[in-house]
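Listed below are the residues making up each chain.
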Amino acid sequence: PGAGPVKSVADCQTVPRWSPDGTKLLFMQAGKLFVCNSDGSGLRDLSVGISPLVIHGGYSWSPDSRRVAYCTLNNYNIWTGRCWVVNIDGSNRKQICPSNSLFPSWSPDGTKIAFLGYGNPNGICTVDPDGNNLDYLLDLRGVGWLSYVYQSGHFGWSPDSRKLSFFLYLPGDGWLMRVVDCSSKALTSLPQSMTNGENMGIWAPDGSDELLILGTGYNPELVHSDGSGRRKLFKDPTPVYSFDWVQ
């Protein structure tokens, strides 16, 4: 596309997220979650009727662009996190996760939502969009704490919805990029990996099971999800703080 006129469509506090079908924008304003059409029309508050605040970065589109998963906090208290699913017309809102849950992230195939539980359950979990079939991917009771769960506010789902990437502290090896297999629950750690608070491993869109990650010194690297085939993108050390795949 060529350059065109810039148009302001909404006043938002966060970077807006396009729906997968490219017709709508999702954004946060004054602790509330809004959706609108790409031209700014059809503005709707998806969190109307809920007094807690929508957490920054804690929202995710369904692959069919018909629903949104998001989480709320009461007075910014992290121990009050709740995850919800709602239709984009504001109907059929439902709490899908137990108390103390954050960062819902929809799988590419639309069948699961990943989230961080920090109470009961305590760990990285998945649940069906209707709230059924809660499953532990990684039990963190007494083990560690998940932080920087960001890929624009999400876990990093593989394109085939079989694996999740995230940044996690574990005793003995500290903060590292991790990948968990959603079926076997096998956990792979990627040594000497870093985060800039945004890139939690960006999966190759072609399904090749490769991730773009940050290595030591903020040097971008390619690696398979099992840790093999790791290689630097640049011969000379080149700190990079933001990157993505070209599709």
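For the structure itself, consult the block above.
The sections below set out a description of the structure shown in this document. Just so it is clear, the model here is predicted, and its values are computed rather than measured.

1. A closer look at the overall build of the protein
Check the secondary structure of the protein and you find 0 helices and 21 strands. Within the protein, the proportion of its 247 residues that are buried is 46%. By sequence separation, contacts in the protein at least 24 residues apart represent 37% of the contacts at least 6 residues apart. Roughly 12,000 Å² of accessible area belongs to the protein as shown, and the carbon and sulfur atoms make up 51% of that amount.

2. Let's talk about the environment of Ser 242
Along the chain, the position of Ser 242 falls in the segment after strand S21 (231-232). For Ser 242 and Tyr 218, which are 24 residues apart along the polypeptide, the C-alpha to C-alpha distance reads 9.6 Å.

3. A closer look at the pairing of strand S2 (residues 24-29)
Relative to S2, strand S1 (residues 17-18) is paired through 2 bridges, and the arrangement is antiparallel. For Trp 18, the partnering residue across the bridge sits in S2 and is Leu 25. With 6 bridges connecting them, S2 and strand S3 (residues 32-37) associate as antiparallel partners. Bridge pairing in S3 links Leu 26 to Val 35.

4. Description of the nonpolar core
Formed by 29 residues in total, the largest nonpolar core has its most connected members in Ile 96, Ile 113, Ile 124, Phe 155, Leu 164 and Phe 166. Counting residues per element, the ones that place at least two in this core are strand S6 (67-74), strand S7 (77-87), strand S9 (101-106), strand S10 (113-118), strand S11 (122-127), strand S12 (135-139) and strand S14 (163-170). Sort the elements by how many residues they give to this core and S10 lands first, with 5 residues. Listed in part, the 11 residues of the second largest apolar core include Met 28, Leu 33, Trp 61 and Trp 84.

5. A short note on the sheet that holds S12
Read across the open sheet, the 4 strands follow the order S9-S10-S11-S12; overall the sheet is antiparallel. One side of each edge strand has no neighbouring strand; the edge strands of this open sheet are S9 and S12. Strand-to-strand twist of the sheet, defined as the mean angle between neighbouring strand axes without regard to direction, takes the value 20 degrees. Here S10 runs beside S11; their pairing, made up of 6 bridges, is antiparallel. Looking across to S11, one finds that Leu 116 is bridged to Ile 124.

6. Here's the deal with the packing of aromatic side chains
Inspection of the entire model under this criterion finds 2 aromatic pairs. Relative to Phe 34, the ring of Phe 27 lies with its centre 5.9 Å away and its plane at 20 degrees, an arrangement referred to as stacked. Accessibility assignment for this pair places Phe 27 and Phe 34 in one class, buried.

Quick notes on the rules
Residues numbered from 1 in each chain as written. Predicted model: local features only at pLDDT ≥ 70, side-chain atom pairs only at ≥ 80, totals over all residues. Heavy atoms only, no water. Helix = DSSP H or I, 4+ residues; strand = E, 2+ residues; numbered from the N terminus. Buried < 20%, exposed > 50% of the residue type's maximum accessible area, 1.4 Å probe, protein only. Contact = heavy atoms within 4.5 Å. Areas by Shrake-Rupley, 256 points an atom, 1.4 Å probe, with all protein chains shown as cover. Pairing = 2+ DSSP bridges. Core = buried A, V, L, I, M, F, W, Y, C linked by side-chain atoms within 4.5 Å. Axes fitted to C-alpha atoms, helices over the stretch in contact; angles between N-to-C directions. Phe/Tyr/Trp six-rings, centres within 6.5 Å; stacked < 30°, edge-to-face > 60°.

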